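# Structural characterization, general
Listed below, chain by chain, are the residues.
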Amino acid sequence: FEVFASFINRIYRCVQKIKSSKMTEFGLKGTQVMCLVSLMKNQEGFTSAELSNICMEDKGAISRAVSNLEEKGLVVFDEQAGKRRYRAKIRLTEEGRNAAGQIVKIIEKSMLQAGNGLSDEEIKIFYKGLDIISDNLLKICGDKGD
């Protein structure tokens, strides 16, 4: 347990540090970055509730992040058909797509450096194992992960 917790903690702290240092040039914080990257994967957009599940963040944090992204002109709400704002799809603007594209490149570069010394097969095995451990821990703590 100590070794597992120590490695996970160290990885988490490094990821947070990378997010913080690399994202200051964009004026973004971790949750905002997660929202942008998630929205980049789906042109139709996501609701705040969907982003909350995808990013594994509480709804309040997502709401604050999305509001900030909207102020920066990186996202818009699809408020057609009388939908309430919290049920409206959130989509990237052109500026948001550009920023998200640059961020994805930074993430990909960081991930390549993090996996330095591992073969593609070892990386696949690592992620498969991490996925299984994550699912099992979610079951143990009673969280479905949705």
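Look above for the structure.
Quick caveat, the model's predicted, so the values are computed rather than measured.

With that settled, consider the overall build of the chain. Tallying secondary structure elements over the chain gives six helices and two strands in all. Projecting the C-alpha coordinates of the chain onto the three principal axes gives extents of approximately 50 × 35 × 25 Å. Expressed as a percentage of its 146 residues, the buried residues of the chain come to 27%. Taking the contacts inside the chain whose residues are at least 6 apart along the sequence as the reference set, 55% of them involve residues at least 24 apart. Carbon and sulfur atoms provide 54% of the accessible area of the chain, an area that totals close to 10500 Å². Looking at charge distribution, the chain has the averaged site of its 23 positive side-chain charges lying 3 Å from that of its 20 negative ones.

Moving on, we get to the pattern of salt bridges. Applying the stated rule across the entire model yields two salt bridges. Taking the shortest distance from any N to any O, the salt bridge between Lys89 and Glu50 comes out at 3.3 Å. Taken as a pair, Lys89 in strand S2 (residues 89-92) and Glu50 in helix H3 (residues 48-55) lie far apart in primary sequence, 39 residues in all. Overall, Lys89 belongs to the partly exposed group, its relative accessible area being 25%. Ionic pairing is found between Arg97 and Glu94, a salt bridge with its closest N-O pair at 2.9 Å. Note that Arg97 and Glu94 are positioned in helix H5 (residues 94-114) at a spacing of three residues, about one turn of the helix. When its relative accessible area of 36% is taken as the criterion, Arg97 is described as partly exposed.

Our focus in this paragraph is the layout of surface pockets. As a volume, the largest pocket reaches approximately 2000 Å³. Ile11, Tyr12, Val15, Tyr127 and Leu130 are the residues nearest the centre of the largest pocket, which is lined by 41 residues in total. Per-element tally for the lining of the largest pocket: the top contributor is helix H1 (residues 2-23), with 14 residues. A class-by-class count of the residues in the lining of the largest pocket yields 29 nonpolar, six polar and six charged.

Before going further, it helps to examine the side chain of Thr31. As for its position among the elements, Thr31 is in helix H2 (residues 30-40). Judged by relative accessible area, which is 18%, Thr31 ranks as buried.

Bringing the nonpolar core into the picture now. Leu28, Cys35, Leu36, Leu51, Val66, Val75 and Ile103 are the most contacted members of the largest nonpolar core, which has 25 residues in total. Looking at this core, the elements with two or more residues in it are H2, H3, helix H4 (59-71), strand S1 (75-78), S2 and H5. Of the residues forming this core, the biggest block, five residues, is contributed by H2. Sequence-distant contacts of Leu28, that is, excluding residues within four places in its chain, are made with Met23, Val33, Leu36, Leu69, Lys72, Leu74 and Ile103.

Procedures and definitions
- The written sequence of each chain sets the order in which its residues are numbered from 1.
- Totals for whole chains, interfaces and linings use every residue, but because this is a predicted model, local features are given only for residues with pLDDT of at least 70 and side-chain atom pairs only at 80 or more, for both listing and counting.
- Heavy atoms throughout the structure, all of them, feed into the side-chain values; hydrogens and water do not.
- Comment: elements are numbered from the N terminus, with helices defined as DSSP H or I runs of at least four residues and strands as E runs of at least two.
- Relative accessibility decides the category of a residue: with a 1.4 Å probe and only protein chains considered, values under 20% of the type maximum give buried, values over 50% give exposed, and everything between is partly exposed.
- We call two residues in contact when some of their heavy atoms are within 4.5 Å.
- Each accessible area is a Shrake-Rupley result for a 1.4 Å probe, and residues are judged covered by the shown protein chains and nothing else.
- None of His or the chain ends enter the tally, which takes Lys and Arg as positive and Asp and Glu as negative.
- Lys charges are placed at NZ, Arg charges at CZ, Asp charges at CG and Glu charges at CD.
- The working definition used for a salt bridge is a side-chain nitrogen of Lys or Arg within 4 Å of a carboxyl oxygen of Asp or Glu.
- Only protein atoms enter the 1 Å grid, on which a cavity is a set of points fitting a 1.4 Å probe that cannot get out and a pocket is an open set with protein on both sides within 12 Å along at least 5 of 7 lines, lining residues being those with an atom within 4 Å of a point.
- Grid points are joined across faces, edges and corners, and a volume is the space filled by probe spheres set on the points.
- Throughout this entry, Asp, Glu, Lys and Arg are counted as charged residues, while Ala, Val, Leu, Ile, Met, Phe, Trp, Tyr, Cys and Pro are counted as nonpolar. The remaining residues, Gly among them, count as polar.
- Buried Ala, Val, Leu, Ile, Met, Phe, Trp, Tyr and Cys residues that are joined via side-chain atoms within 4.5 Å together make up what is termed a nonpolar core.

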